[in-house]
Amino acid sequence: MAQAKREQWGSKIGFILAAAGSAIGLGNIWKFPYITGQYGGAAFILIYLICTAIIGLPVLMAEVLIGRTTQKNPVGAFKKLSEGSKFWTAIGGMGVAAGFIILSYYAVVAGWALGYIYQAASGVFYEFSKPEVAGQYFNSLISDTVWNVGYFVLFMALTMGVVYSGVKNGIERGSKIMMPVLFLLLIILVIRGVTLEGASAGIKYFLHPDWSHVTGEAILAAMGQSFFTLSLGMGAMLTYGSYMSRKENLPSSAVSIVTLDTLIALLAGLAIFTGVFATGLSPKAGPGLIFHTLPVVFTKMPGGYAFSILFFVLLTIAALTSSISLLEVITAYFIDEKGWSRHRAVIVFGGLTTLFGLPSAFSYNLMGDFRIFGLNFFDSVDFLAANILLPVGGFFISVFVAYYWGYKKALPALRDGAENLFEKYPWVITGWKILLKYFAPVLIFLVFLNSIGILKLIADIL
Ligand code: PHE
């Protein structure tokens with residue numbers, strides 16, 4: 001029996017919005033501002049921008065290219081291009097596994113964001129005079145099993161609902177609605193932020209680099225961040241690329257995705273830092289910045305009640321357009337390789353991911369004492385995925401395209417739909433080749449060594 005025709009995006013903008021939706025997530029609105037705060041503001045941002053241009057963009061192009069060329073999920077794609085090599089097929093498999101793992105804890109944090117829409121609406125933030133009080137309140141919520149698991153399951157159900165409806169009717173349609181809303185909400189929040197009295201200190205923090213904070217560690221953190229925020233290293237962009245037509249200009253789409261992702265991170269940072277500085281709080285709160293510091297910021301700003309609700313709606317939408325890309329990787333694998341129906345794949349693996357996410361959700365109460373190498377379950381899976389699986393995946397993706405599959409085959413595939421670019425701006429393509437071959441693997445490898453602590457060990461010995 002002939003297989004049902006594989007789905008495709010309905011339009012170029014549909015692909016760009018879906019892929020930008022995958023990229024724009026908790027990484028932009030939660031993580032980017034707090035690590036920027038930890039590493040000294042503008043100087044860190046500058047390094048982050050450079051990393052995004054020299055590693056993020058070339059690896060993104062490589063991933064989308066593998067997907068578009070094979071029109072398959074990560075496993076099928078590597079299998080096809082390597083003509084059945086077990087090693088490369090396993091690299092694809094690692095991506096699918098990473099999708100499963102990341103989704104399981106990503107959706108827990110997303111559930112907190114979803115729950116905070118209600119908390120913001122309830123007006124409880126007005127009881128917080130200091131970030132410490134807001135922090136205690138946050139801790140009490142995430143150690144409340146019903147609250148924590150309830151919103152986690154609800155968020156997973158939303159994710160499954162979108163993916164269940166298909167590539168065009170679910171993911172593309174959802175992204176076309178959610179991304180403009182996200183953009184609008186963010187603009188509103190930025191305008192609120194920069195018009196606050198005392199906002200200029202936040203803007204200055206954003207524009208005046210303080211180089212004293214820029215250490216080797218900050219550079220590696222910037223690289224890791226540009227990688228995570230672009231959803232690279234596990235085949236999400238590969239899978240989205242597999243629904244893209246060969247007539248589309250791939251490099252130009254990749255530039256649009258990177259630009260949107262970067263713009264949103266910068267705007268989110270601007271909205272948050274103007275608020276934090278205008279209310280005299282510290283930008284260095286770390287991972288708790290959004291849940292400990294921001295609620296207090298909102299109570300101190302005019303109109304804070306409404307803006308606090310909008311903010312958590314924004315955060316939830318951003319997380320949702322990312323979580324659907326994670327579930328889509330797993331779904332595409334079971335459809336392509338195992339012949340499952342989309343509905344079956346979504347229900348079975350959405351359900352299994354939810355089950356696997358429970359220990360992450362329980363990490364702050366029932367399983368609070370559980371430790372793997374000193375980390376609780378949540379932090380362990382986050383470490384495994386973000387610090388090991390993604391950089392390893394990204395390393396092999398760049399090595400695969402630059403060395404194994406090779407430019408002889410990759411370039412004609414990249415050229416489809418981009419003939420004009422190849423003729424008018426050949427240096428763009430040369431630049432991509434060089435970055436992917438010599439820069440990306442080396443730099444990603446360094447990030448990997450750093451995140452598993454080897455660089456620190458070497459530094460200590462020296
Ligand atoms: N890019 C997403 C974010 O910034 C996270 C993500 C990573 C999504 C990997 C898919 C794959 O939040």
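In case you missed it, the structure is sitting above this.
Given the structure is predicted, the values throughout are model-derived calculations rather than measurements.

Peer 1: Please provide a residue-by-residue account of the overall build of the protein chain, values included.
Peer 2: Counting secondary structure elements, the protein chain contains 19 helices and zero strands. What you see for the protein chain is a C-alpha radius of gyration of 21 Å, in line with the 23 Å of a compact globule of 462 residues. By its C-alpha atoms, the protein chain is 60 × 50 × 45 Å across when sized along the principal axes. Burial statistics for the protein chain: of 462 residues in total, 60% are counted as buried.

Peer 1: Account for the packing of aromatic side chains, naming residues and giving values.
Peer 2: Enumeration according to the criterion identifies 48 aromatic pairs in this entry. Between Phe-32 and Tyr-48 the ring centres are 4.9 Å apart and the planes differ by 45°, which places this aromatic pair in the tilted class. Of the two residues, Phe-32 sits in helix H2 (residues 26-38) while Tyr-48 sits in helix H3 (residues 42-70), which places them 16 residues apart along the sequence. Pair check on accessibility: Phe-32 and Tyr-48 agree, each one buried. Ring centres 5.4 Å apart and planes at 50° place the aromatic pair Trp-88 and Tyr-404 in the tilted group. Of this pair, Trp-88 sits in helix H5 (residues 86-121) while Tyr-404 sits in helix H16 (residues 377-415), placing them 316 residues apart in sequence. A relative accessible area of 7% places Trp-88 in the buried class. Of the residues examined, Tyr-404 reaches a relative accessible area of 43% and is grouped as partly exposed. Directly above the aromatic system of Phe-228 lies the positively charged group of Lys-31, at a separation of 4.7 Å from the ring centroid. Above the ring of Trp-340, the side-chain terminus of Arg-344 is found at 4.0 Å from the ring centroid.

Peer 1: Give me helix H13 (residues 289-300): which residues, what numbers.
Peer 2: Between its terminal C-alpha atoms H13 stretches 16 Å, which fits the 16 Å expected from twelve residues at 1.5 Å a residue. Within H13, ten of the twelve residues are buried, leaving the element largely enclosed by the surrounding structure. Among the residues of H13, those classed as buried are Leu-289, Ile-290, Phe-291, Thr-293, Leu-294, Pro-295, Val-296, Val-297, Phe-298 and Thr-299. Contact partners of the buried residues in H13: H2, H5, helix H6 (131-142), helix H12 (250-278) and helix H14 (304-338).

Peer 1: Go over the site of the ligand, please, and point to the residues and values.
Peer 2: The environment of the ligand is made up of 14 residues, and the closest members are Ala-23, Gly-27, Tyr-106, Phe-228 and Ser-231. Residue Asn-28 places a side-chain N or O atom 3.4 Å away from an oxygen atom belonging to the ligand. Considering the ligand on its own, with 330 Å² of exposed area, one finds that the protein chains cover 100% of that surface. Among the secondary structure elements, those contributing two or more residues to the shell around the ligand are helix H1 (12-23), H2, helix H10 (216-229) and H14. Partitioned by chemical class, the residues of the shell around the ligand number six nonpolar, eight polar and no charged.

Peer 1: Kindly report on H14, identifying the contributing residues and their values.
Peer 2: Given a rise of 1.5 Å per residue, 35 residues ought to cover 51 Å, and the 50 Å separating the end C-alpha atoms of H14 matches this to within 8%. Summarising burial for H14: 27 of the 35 residues are buried, a large majority. Backbone geometry just downstream of H14 places Gly-339 in the positive-phi region, at approximately 70°.

Peer 1: Go over the packing of H2 against H12, please, and point to the residues and values.
Peer 2: Relative orientation of the contacting elements H2 and H12 amounts to 65°, with a least axis distance of 9 Å. The crossing of H2 and H12 is right-handed. Across from Asn-28, Ile-29, Phe-32, Pro-33, Thr-36 and Gly-37 in H2, the residues of H12 making contact are Asp-261, Ile-264, Ala-265, Leu-266, Ala-268, Gly-269, Ile-272 and Phe-273. Among the residues forming the contact of H2 with H12, the class breakdown is nine nonpolar, four polar and one charged.

Peer 1: With reference to specific residues and values, describe the nonpolar core.
Peer 2: Core analysis: the biggest nonpolar cluster contains 175 residues, and Phe-311, Phe-312, Val-401 and Trp-432 have the highest contact counts within it. Take this core: its biggest share by element is 20 residues, from H16. The contacts of Phe-311, once residues within four sequence positions are left out, are Ile-29, Leu-189, Ile-272, Ile-290, Leu-294 and Phe-298.

Peer 1: Could you give me a rundown of the pattern of salt bridges, with the residues and numbers involved?
Peer 2: On inspection of all chains with the given rule, the structure shows seven salt bridges. Its salt-bridge partner being Glu-337, residue Lys-79 comes within 3.6 Å of it at the nearest N-O pair. Taken together, the positions of Lys-79 in helix H4 (residues 74-81) and Glu-337 in helix H14 put the pair 258 residues apart, joining distant regions of the chain. Judged by relative accessible area, Lys-79 falls into the partly exposed class, the value being 38%. One continuous salt-bridge network, built from bridges that share partners, spans Glu-7, Glu-328 and Arg-342.

Peer 1: Mind laying out the environment of Arg-415, listing which residues take part and the relevant values?
Peer 2: Position of Arg-415 relative to the elements: it lies in helix H16. Remark: the alpha-carbon pair of Arg-415 and Ala-134, spanning 281 residues in sequence, is separated by 53 Å. Once residues within four sequence positions are removed from consideration, Arg-415 is found in contact with Phe-422 and Glu-423.

Peer 1: Can you explain a nonpolar patch on the surface? Please cite residues and give values.
Peer 2: Together, Ile-452, Ile-454, Leu-457, Ile-458, Ile-461 and Leu-462 make up a nonpolar patch on the protein surface, roughly 620 Å² of accessible area in all. One can find Ile-452 in the loop between helix H18 (426-451) and helix H19 (454-461).

Peer 1: Tell me about the side chain of Ser-360, residues and numbers included.
Peer 2: With respect to the helices and strands, the residue Ser-360 is situated in helix H15 (residues 342-361). If sequence neighbours within four positions are ignored, Ser-360 has contacts with Tyr-105, Val-108, Phe-377, Phe-378 and Val-381.

Conventions we followed
Counting of residues starts from 1 at the beginning of each chain's written sequence and follows it residue by residue. Only residues with pLDDT of at least 70 are given local features in this predicted model, and only at 80 or more are side-chain atom pairs given and counted; all residues enter the totals for whole chains, interfaces and linings. Hydrogens are left out, water is left out, and the side-chain values use all remaining heavy atoms of the structure. Helix numbering and strand numbering both begin at the N terminus, where a helix is a DSSP run of H or I of at least 4 residues and a strand a DSSP run of E of at least 2. In this setup the radius of gyration rests on C-alpha atoms only. A globule is expected at 2.2 Å times the number of residues raised to 0.38. Each residue is assigned to one of three classes by its accessible area relative to the maximum for its type, calculated with a 1.4 Å probe on protein chains only: buried under 20%, partly exposed between the two thresholds, exposed over 50%. Each pair of aromatic rings taken from Phe, Tyr and Trp, with Trp reduced to its six-membered ring, is defined by centres within 6.5 Å and is described as stacked if the planes are under 30 degrees apart, edge-to-face if over 60, and tilted in the remaining cases. Distance and angle both matter: a charge sits over a ring if NZ of Lys or CZ of Arg is within 6 Å of the ring centre and within 35 degrees of the ring normal. In a helix, the anticipated span is given by 1.5 Å times the number of residues less one. Whether two residues are in contact is decided by their heavy atoms: any pair within 4.5 Å suffices. Working definition: residue near molecule or strand if any one of its non-hydrogen atoms lies within 4 Å of it. Any pair of nitrogen or oxygen atoms within 3.5 Å is treated as a polar contact; in protein, a donor-acceptor pairing is required on top of that, and neighbouring residues in sequence qualify only through side-chain atoms on both sides. To measure how exposed things are, a 1.4 Å probe is used in the Shrake-Rupley method; for residues, cover is taken only from the protein chains shown. The nonpolar class holds Ala, Val, Leu, Ile, Met, Phe, Trp, Tyr, Cys and Pro. Asp, Glu, Lys and Arg form the charged class, and all remaining residues, Gly among them, are polar. Comment: axis = line fitted to C-alpha atoms, over the contacting stretch for helices; angle = value between 0 and 180 degrees taken between N-to-C directions. Handedness of each helix crossing follows the sense of rotation of the near helix against the far helix: counterclockwise by less than a right angle gives left-handed, clockwise gives right-handed. Residues enter a nonpolar core if they are buried and are Ala, Val, Leu, Ile, Met, Phe, Trp, Tyr or Cys, with the set joined through side-chain atoms within 4.5 Å. One speaks of a salt bridge when a side-chain nitrogen belonging to Lys or Arg is within 4 Å of a carboxyl oxygen belonging to Asp or Glu. Like-charged residues within 9 Å of one another, or nonpolar side chains (Val, Leu, Ile, Met, Phe, Trp, Tyr) within 5 Å, are grouped into patches, provided each residue has over 30% relative accessible area and no salt bridge.

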